[in-house]
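# Observations on the three-dimensional arrangement
Listed below are the residues making up each chain.
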Amino acid sequence: MDSTPRDPAFYVERLKGLLQSSSRAVAFTGAGVSEESGIPTFRGKGGLWDRYPPSLYANPAGLMLLFLVRPSWMAAFFSDILDSLLRAKPNPCHRVIAQWEEEGFIKAVITQNVDDLHSTAGSVNVYELHGNAFRVRCVRCGDREKLARERLLETAKKLNEAPQSRRSLLRLFFDFGGSCRACGGRRRPDVVLFGEGLPQEEWDRALRLATEADLFMVIGTSSLVYPAALLPRIAAESDARIVEINPEPTPVSSLAALRIPFPAGKFFSLFDVS
Ligand code: OAD
């Protein structure tokens, strides 16, 4: 018989107790925290990789191939992602994490998400391991710039407008990135694709946070993608208590002192005061 308590109030009290007895708590999030904001996760039924095989859509070589032979598929993929990113609003999970940082209960949030929802919700110490879709980065000098929402809306509109040719996609891509304000170099979306390295500063900071944490909350991630998936293991080896919030078990579940088997937005709405 499953002895897991089903009453969310049980977990609320346990998590409150853990937070109050910690002084260096950190949240580590993945796509699941934004699922209730309308952004699909990657893996599992209905996930992005169900519709768009990652061997083609998630790495530079695959995208280049698509661009050459199926530019309209590439346009449909970008349009699909941009539409969901632009529609999404923070949910109770993003809001409570931001509130806990403001109240001094957590030090930072490390996220694999590129959707900007933690910052939109008010989190300040946000370490984005896989970049941010609302930012561009110079391929020459690395300078980063946040883009106005209108720029993304305009791009989404153009992507939706007409069947895309290689030429129109290329023009759209260059217009989107524009030129670097520091060195004039070409800019690309500041997101990490498979096979690319993580931003060094964010990764160094995340490693330090995981090593120093006394409570490490792993929320809405399958913990399958490395090196990010190392962080809960590093935190556990450094004696942090691990809390997992995810309706499905993951490879991290066996490390968890507390496993909370609920959707994150629904669970955090029990704390949400706004
Ligand atoms: P995944 O799609 O691999 O996993 C999402 C996790 O969220 C699963 O474990 C689900 O059970 C869980 N989940 C779904 N809905 C949830 C909800 N409402 N509340 C809480 N949990 C929920 O996403 P990530 O682990 O974030 O990388 O994937 C990691 C990386 O793989 C991504 O950052 C991306 C992808 O390839 C890059 O783009 C480099």
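As a reminder, the structure under discussion sits directly above these lines.
Our subject in this report is the structure included herewith. As the structure is a prediction and not an experimental result, all values here were calculated from the model.

### Notes on the site of the ligand
Taken together, the neighbourhood of the ligand is formed by 22 residues, with Glu36, Arg43, His130, Thr221 and Ser222 sitting nearest. One nitrogen or oxygen atom from the main chain of Gly32 is found 3.4 Å from a nitrogen atom belonging to the ligand. The separation between an oxygen atom of the ligand and a polar main-chain atom of Gly220 is 3.2 Å. Protein chains bury 90% of the 800 Å² of accessible surface belonging to the ligand in isolation. Within the shell around the ligand, the residues separate by chemical class into nine nonpolar, nine polar and four charged.

### Examining helix H11 (residues 200-212)
Across its 13 residues, H11 extends 18 Å between first and last C-alpha, which sits within 8% of the 18 Å expected from 1.5 Å per residue. If you check which residues of H11 are buried, you get Glu202, Trp203, Ala206, Leu209 and Ala210. Projected down its long axis, H11 carries its buried residues within an arc of 125°, all on one side. Set apart from the buried face of H11 by more than 90 degrees, the exposed residues are Gln200 and Glu201. Taken together, the buried residues of H11 touch strand E1 (25-29), strand E2 (106-111), strand E3 (126-128), strand E5 (144-146), strand E7 (215-219) and helix H12 (230-237).

### Focus: the sheet that holds strand E9 (residues 258-260)
Read from one edge of the open sheet, six strands run E3-E2-E1-E7-E8-E9, paired in parallel fashion. Only two strands of the sheet have a single neighbouring strand rather than two, namely E3 and E9. Between one strand and the next, the sheet's axes are offset by a mean angle of 15°, whatever the strand orientation. Where strand E8 (residues 241-245) lies against E9, three bridges are found, and the strand directions are parallel. Looking at E9, one finds that Val243 is bridged to Leu258. Relative to E2, helix H7 (residues 92-102) is tilted by about 145°, and along the sheet it contacts E1, E2 and E7. Across the sheet, H12 is in contact with E1, E2, E7 and E8; its angle to E7 comes to roughly 155°.

### So, the environment of Arg87
When you line up the elements, Arg87 lands in helix H6 (residues 71-87). In this structure Arg87 comes out as exposed when scored by relative accessible area, which is 61%. Each C-alpha atom, one on Arg87 and one on Ser37, is 8.5 Å from the other, the two residues being 50 residues apart in sequence.

### Concerning the state of the cysteines
Working definition of a disulfide: a covalent bond connecting the sulfur atoms of two cysteines. Under the criterion given, the structure shown has zero disulfides. Here Cys183 stays free of any disulfide, with the sulfur of Cys138 as its closest cysteine sulfur at 3.6 Å.

### Concerning the sheet that holds E5
One key point about sheets: their strands pair by backbone hydrogen bonds, in either a parallel or an antiparallel sense. Strand order in the open sheet made by the three strands is E5-E4-E6, with antiparallel pairing throughout. Across the chains shown, the open sheet's two edge strands, defined by having one partner strand only, are E5 and strand E6 (187-191). Shown here is a sheet whose adjacent strand axes are inclined to one another by a mean of 40°, direction ignored. Bridge count between strand E4 (residues 131-138) and E5: three bridges; the pairing is antiparallel. When the bridges of E5 are listed, Arg135 appears paired with Lys146.

### Description of the packing of H11 against H12
With their axes 7 Å apart at the nearest point, H11 and H12 run at an angle of 35° to one another. Across the interface between the two elements, Trp203, Ala206, Leu207, Ala210 and Thr211 of H11 pack against Leu231, Ile234 and Ala235 of H12. Tallied by class, residues from the contact of H11 with H12 come to seven nonpolar, one polar and no charged.

Cut-offs applied
Residues numbered from 1 in each chain as written. Predicted model: local features only at pLDDT ≥ 70, side-chain atom pairs only at ≥ 80, totals over all residues. Heavy atoms only, no water. Near = heavy atom within 4 Å. Polar contact = N/O pair within 3.5 Å; in protein donor to acceptor, adjacent residues only side chain to side chain. Areas by Shrake-Rupley, 256 points an atom, 1.4 Å probe, with all protein chains shown as cover. Nonpolar A, V, L, I, M, F, W, Y, C, P; charged D, E, K, R; others polar. Helix = DSSP H or I, 4+ residues; strand = E, 2+ residues; numbered from the N terminus. Expected span 1.5 Å × (residues − 1). Buried < 20%, exposed > 50% of the residue type's maximum accessible area, 1.4 Å probe, protein only. Arc of directions from axis to C-beta. Contact = heavy atoms within 4.5 Å. Pairing = 2+ DSSP bridges. Axes fitted to C-alpha atoms, helices over the stretch in contact; angles between N-to-C directions. Disulfide = S-S within 2.5 Å.

The quantities given are spatial measurements derived from coordinates; they are silent on function.
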